[in-house]
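# Remarks on the overall topology
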Protein chains: 2
Amino acid sequence: MNPVSLITRKRDGATLAASEIADLIAAYTRGDVPDYQMAAFLMAAFLNGLDTEEATALTKAMLHSGEVLDLSDLAGIKVDKHSTGGVGDKVSLILAPLVAACGVPVPMISGRGLGHTGGTLDKLEAIPGFNVNLSIGDYRRQLERIGVVMMGQTAEIAPADRKLYALRDVTGTVESIPLIAASIMSKKLAEGIDALVLDVKSGRGAFMKEEADARKLAETLVGIGQSVGKPTIGLLTDMSAPLGRAVGNWPETAEAIQILRNETPAGGAVDDVLEVTLALAGEMICLGGVASSPEAGIQTAKHALESGLAFEKWVELVETQGGDIAVLDDPEARVGAQPIAEILAPASGYVAEIDPLELGLASVRLGAGRTKKDDEVDPIAGFVLNKSVGSPVEAGEPLVTVFASDPSRLDTEAVQRAFTITREPPPAPPSRLIGRFDGVKWSA
Amino acid sequence: MNPVSLITRKRDGATLAASEIADLIAAYTRGDVPDYQMAAFLMAAFLNGLDTEEATALTKAMLHSGEVLDLSDLAGIKVDKHSTGGVGDKVSLILAPLVAACGVPVPMISGRGLGHTGGTLDKLEAIPGFNVNLSIGDYRRQLERIGVVMMGQTAEIAPADRKLYALRDVTGTVESIPLIAASIMSKKLAEGIDALVLDVKSGRGAFMKEEADARKLAETLVGIGQSVGKPTIGLLTDMSAPLGRAVGNWPETAEAIQILRNETPAGGAVDDVLEVTLALAGEMICLGGVASSPEAGIQTAKHALESGLAFEKWVELVETQGGDIAVLDDPEARVGAQPIAEILAPASGYVAEIDPLELGLASVRLGAGRTKKDDEVDPIAGFVLNKSVGSPVEAGEPLVTVFASDPSRLDTEAVQRAFTITREPPPAPPSRLIGRFDGVKWSA
């Protein structure tokens, strides 16, 4: 394998053989191909693209760079979900215990927040005591015993992806659909899952701002999953406004707890978090063989929520992983979870838009996220929105409740700027659910 | 200066400001931008291009990464020539003393052979004792005293180019016209020249196989030279067959000596080496202010050759740089310069083609060139062609005379394969001179 020849051919628009990609990634992981050659290859791949076969080969090469868990000796069809990330996306915290409560084992390995979007691990760690750093042995045993486990990526899983991701981050080669897809799928396929549901987000608060790009990413992800024999479904969901009412680690965890407790949000509005969660749960329960269709799966999930079985599984999960279960019964009692400010509406009218990117970035500045990989996050920091898109608002009314350990990091003007208030009511916001890709065709 | 932002913008097709390119190259030269970021930038520049302003900014940044010689206190308009390289191109050895003999100072810094084309330094070093490793002080003093100096690049000149060239070589980013042009011009402009003539070669034995690419390279080179205020002329010359009769270091030097001695080649054929040399000399003598037009410059050069003044200057140059001048009077007397084989024509007919690439690669295998940067070259190794394109030939007649220290490295079949022999005579070969670019327009 001559790396210069592979770089040159990709540069000139050729399609590489799977074995060539496998050799390149193996040599890079061993350190036999230096970062500067991989950087040139990544830029050539970014600009000239990788087709589905190449992306699949890249995924497999990264997957097999480390340990691939084998959970086949455990009962049940193991199903996981991956979201491409958005502002206010606390769905995993609800979904994992909910689907497990329906009898489908959920082995979930998640990431931390980077950029304007949050990460599941940071939200779990906002529960005092919750331990996401399990060994692979603990992961297997917990999944077998209680049917759900949520942890962070270990050093054994897809080391090539970690090395490549760090390089892409500093060489302007992040926003490539096949490179993103291979990175996501190599980690997910290493978990030992049998099937996968993807939540691909589109809009201003998402990684993919354009719906066409989000659709292309969903198709690539589903294509890779199916080509390695794992049933995979992709849902396309809207991220043109923050999902739900909370943004920030503990605020989002508290919102997830409320939904798991089957408490209706104030005002009786349609709960968009619940809408997305149920759609994903329906797919997972169907893929897991417990329901005969996604629609039947949604009914199963609704029953698990309403009966309290989902909350019970959640309590069991948190307790097993060392979390303080007292806060699950009374989220407001969590130490430090008292508001420090209310941000008021600057005008009367209707909330026409809430810019998720602006709000996500303001939450990072407040301490909820990281600007560098090793930044500490403030688990408390975040916003709770008192108004959603379409709400009437009076000047001086509280728009946003602020939580933070360090009030000096609050950028009130940025939060206000995220809200567009108009005199006329805006059209009713569309459903969060835009489309569903089953590997062959899109449906609504 | 944020390197990721510059990489990303070039990746997305933006044009960078001169100051941004200057900052990037300065940071790379200091080691503040790592190789992997520069590799990603180079691949983005390769695929999305650099316009003339960007290429000029890159040239200036590389030029100012090291010492820029100032020869303005020396009398005369200092003019140099650069060739993009071909097989059998010994023109510099004749041109430098010839133009200097006409009163135009020639400060020439050259390179070594790499790949299938030779390098001027290797040819000079084939003269026993010739020293190309001068200090910058020696370079100035010799130019002032005898009007001509030929040496290798020193560590002080364009260090950014050396670092970038080494990186391009291992990242598949060599064959980019603006990157090639910036590399050439940064080194040439550091020499302290006032004007420059470029010999851009096109055809199978050249770096640019396609005439359109060679024209584009000539335009880019001339554009950069003129934009930094140095009068620059580009000649486009043909490299579809080896230039002249000799390929290899000493064989080429011996051929150059013969031309400097004003000896007509056997058979009375038009000497293509002389044709190209005179065309370049005419331009240099005109740019140097000694003739009023290139055509008048050619007449001046012819007179210098015929009168023996050019050969006298050559002897003075070789002697000053420590070379053995005895071999200039009797090239065949050079130690080791005896043929080891004759390669015979496999068929009768006419020589229709001589493949310069095949012959160049066979000469490298024979020891005349390098496959790795630190290979030693065999100064003796090479070929002398007894037939040129259009010559009639009888089966069994000597086609090529072989010189080498290690006969086991001779690939007879490859040498024969370089010759295409046909039954009918081919059309007369066209002139080596294809075009001339003055910065505004092409002329023949």
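Just so you know, these numbers come straight off a predicted model, no measurement behind them.

## A closer look at the overall build of chain A
The number of helices and strands found in chain A is 17 helices and 14 strands. Projecting the C-alpha coordinates of chain A onto the three principal axes gives extents of approximately 65 × 45 × 40 Å. Looking at chain A as a whole, 56% of its 444 residues qualify as buried. When contacts within chain A are restricted to residue pairs at least 6 apart in sequence, long-range pairs at least 24 apart make up 78% of them. As displayed, chain A has an accessible area near 16,800 Å², and 51% of this comes from carbon and sulfur atoms. Charge centroids of chain A, computed over 40 positive and 60 negative side chains, lie 3 Å from each other.

## Observations concerning the packing of helix 12 (residues 272-287) of chain B against helix 13 (residues 294-306) of chain B
Residue and element names in this part refer to chain B. Viewed as axis vectors pointing N to C, helix 12 and helix 13 meet at an angle of 115°, and their least axial separation amounts to 7 Å. For helix 12 against helix 13, the interelement crossing comes out right-handed. Of the residues in helix 13, those in contact with L274, L278, A279, A281, G282, E283, I285 and C286 of helix 12 are P294, G297, I298, T300, A301, K302 and L305. Residue composition of the contact of helix 12 with helix 13, grouped by class: 10 nonpolar, three polar and two charged.

## Some points on the sheet that holds strand 13 (residues 433-437) of chain A
All names here are of chain A. Pairing is mixed across the open sheet formed by five strands, whose spatial order is 1-4-5-13-14. On the outer flanks of this sheet lie strand 1 (79-83) and strand 14 (442-443), each paired with one strand and no other. Relative to the sheet, helix 12 (residues 272-287) contacts strand 1, strand 4 (195-202), strand 5 (232-238) and strand 13, its axis offset from that of strand 4 by approximately 155°.

## Thoughts on the interface of chain B and chain A
Listed per partner, the contact involves 21 residues of chain B and 21 residues of chain A. Summed over both sides, the interface of chain B with chain A buries roughly 1,600 Å², with 72% coming from carbon and sulfur. E175 of chain B serves as the salt-bridge partner of R11 of chain A, at 2.9 Å between the closest nitrogen and oxygen.

## Let's talk about the sheet that holds strand 10 (residues 392-393) of chain B
Residue and element names in this part refer to chain B. Strand order in the open sheet formed by three strands is 10-8-12, and the pairing between neighbours is antiparallel. Both outer strands of the open sheet, strand 10 and strand 12 (419-422), are each paired with one neighbouring strand and no more. With two bridges joining them, strand 8 (residues 349-354) and strand 10 adopt antiparallel strand pairing. Directly across from G349, in strand 10, lies its bridge partner V393.

## Section: the relation of the copies chain B and chain A
Each of the two chain copies goes to the other by way of a rotation about an axis and a shift along it. Its rotation angle being 179°, the transformation that places chain B on chain A also includes 0.0 Å of axial translation and leaves an RMSD of 0.1 Å. In symmetry terms, the pair is related by a two-fold rotation axis. Ranked by how close their C-alpha atoms come to the rotation axis, the residues of chain B are headed by Y36 of chain B, at 2.0 Å.

## A few points about the packing of aromatic side chains
Given two aromatic rings, their pairing is described by the distance between the two centres and the angle made by the two planes. Counted according to the given criterion, the structure contains two aromatic pairs over all chains. A ring pair is formed by F437 of chain A and W442 of chain A, whose centres lie 5.2 Å apart and whose planes are at 40°; its orientation type is tilted. The side chain of R334 of chain B reaches across the aromatic face of W250 of chain B, ending 5.3 Å from its centre.

## Considering the nonpolar core
Membership of the largest hydrophobic core comes to 80 residues, with the highest contact counts inside it found for W314, F383 and V400 of chain B. With nine residues, the top contributor of residues to this core is helix 12 of chain B. The two domains that each donate at least three residues to this core are domain 2 (79-331 + 433-443) and domain 3 (335-422) of chain B. Core analysis: the second largest hydrophobic core is formed by 77 residues, V106, I259, L278 and L328 of chain A among them.

## Remarks on the environment of V247 of chain B
Residue and element names in this part refer to chain B. When you line up the elements, V247 lands in strand 6 (residues 246-248). Placed 176 residues apart in sequence, V247 and R423 show a C-alpha to C-alpha distance of 26 Å. Ignoring any residue separated from it by four or fewer positions in sequence, one finds V247 in contact with V87, G88, P242, E252, L359, S363, A381, G382 and F383.

## Here we look at the packing of helix 8 (residues 159-169) of chain A against helix 9 (residues 177-189) of chain A
If you want to describe how two helices pack, look at the angle between their axes and the distance between the axes. Residues and elements named next belong to chain A. Interaxial distance between helix 8 and helix 9 falls to 10 Å at its minimum, and their mutual angle equals 150°. Here helix 8 is positioned roughly antiparallel relative to helix 9, judged by the angle of their axes. Helix-helix and strand crossings are classified by hand; for helix 8 and helix 9 the assignment is left-handed. Residues D161, Y165 and R168 of helix 8 pack against L179, I180, S183, S186 and K187 of helix 9. Its residues assigned to classes, the contact of helix 8 with helix 9 shows three nonpolar, two polar and three charged.

## Here's the deal with helix 13 of chain B
A rise of 1.5 Å per residue sets the reference length of helix 13 of chain B, with its 13 residues, at 18 Å; its end C-alpha atoms lie 18 Å apart and thus fit the reference within 8%. Looking one or two residues past helix 13 of chain B, G308 of chain B carries a phi angle of roughly 90°, positive in sign.

## A closer look at the domain arrangement of chain A
Residues and elements named next belong to chain A. Looking at chain A, the domain boundaries give domain 1 (3-49), domain 2 (79-331 + 433-443) and domain 3 (335-422). A C-alpha centroid distance of 24 Å is found between domain 2 and domain 3. With 25 residues of domain 2 at the contact, the number on the domain 3 side is 24 residues. Roughly 1,900 Å² is buried in total at the junction of domain 2 and domain 3, and carbon and sulfur atoms are behind 61% of that figure. Broken down residue by residue, the surface that domain 2 buries against domain 3 is led by R204, R245 and V247, which jointly contribute 26%. Run the count over domain 2 and domain 3 and you get two salt bridges. A salt bridge links D122 to R370; its shortest N-O distance comes to 2.8 Å. For the pair domain 2 and domain 3, the interface holds six residue pairs in polar contact (both at pLDDT 80 or more). Elements supplying a minimum of two residues to the side of domain 2 that touches domain 3: helix 8, strand 6 (246-248) and helix 11 (249-260).

## Quick look at the pattern of salt bridges
It is possible for side chains bearing opposite charge to pair when their charged atoms get close. Scanning the model with the defined rule gives 60 salt bridges over all chains in all. Notably, a salt bridge pairs E54 of chain A with K10 of chain A, separated by 3.0 Å at the nearest N-O pair. Taken together, the residues span a long stretch of sequence, with E54 of chain A in helix 4 (residues 52-63) and K10 of chain A in helix 1 (residues 3-11) at a distance of 44 residues. Under the relative-accessibility criterion, K10 of chain A is labelled buried at 2%. The residue K78 of chain B makes a salt bridge to D194 of chain B at a minimum N-O spacing of 3.7 Å. Remark: D194 of chain B occurs in the loop between helix 9 (177-189) and strand 4 (195-202) and K78 of chain B occurs in the loop between helix 4 (52-63) and strand 1 (79-83); sequence separation between them is 116 residues. Counted as one network, the salt bridges with shared partners bring together R112, D122, E125 and R370 of chain A.

The rules behind each value
- Residues numbered from 1 in each chain as written.
- Chains lettered and ligands numbered in written order.
- Predicted model: local features only at pLDDT ≥ 70, side-chain atom pairs only at ≥ 80, totals over all residues.
- Heavy atoms only, no water.
- Helix = DSSP H or I, 4+ residues; strand = E, 2+ residues; numbered from the N terminus.
- Buried < 20%, exposed > 50% of the residue type's maximum accessible area, 1.4 Å probe, protein only.
- Contact = heavy atoms within 4.5 Å.
- Areas by Shrake-Rupley, 256 points an atom, 1.4 Å probe, with all protein chains shown as cover.
- Lys, Arg positive; Asp, Glu negative; His and termini not counted.
- Charge placed at Lys NZ, Arg CZ, Asp CG, Glu CD.
- Axes fitted to C-alpha atoms, helices over the stretch in contact; angles between N-to-C directions.
- Left-handed = near helix turned anticlockwise from the far one by under 90°.
- Nonpolar A, V, L, I, M, F, W, Y, C, P; charged D, E, K, R; others polar.
- Pairing = 2+ DSSP bridges.
- Buried area = accessible area lost by both parts, 1.4 Å probe.
- Salt bridge = Lys/Arg side-chain N within 4 Å of Asp/Glu carboxyl O.
- Least-squares fit on C-alpha atoms with pLDDT ≥ 70 in both.
- Phe/Tyr/Trp six-rings, centres within 6.5 Å; stacked < 30°, edge-to-face > 60°.
- Lys NZ or Arg CZ within 6 Å of the ring centre and 35° of its normal.
- Core = buried A, V, L, I, M, F, W, Y, C linked by side-chain atoms within 4.5 Å.
- Domains from an automatic or database assignment.
- Parallel < 35°, antiparallel > 145°, perpendicular 65-115°, else oblique.
- Expected span 1.5 Å × (residues − 1).
- Polar contact = N/O pair within 3.5 Å; in protein donor to acceptor, adjacent residues only side chain to side chain.

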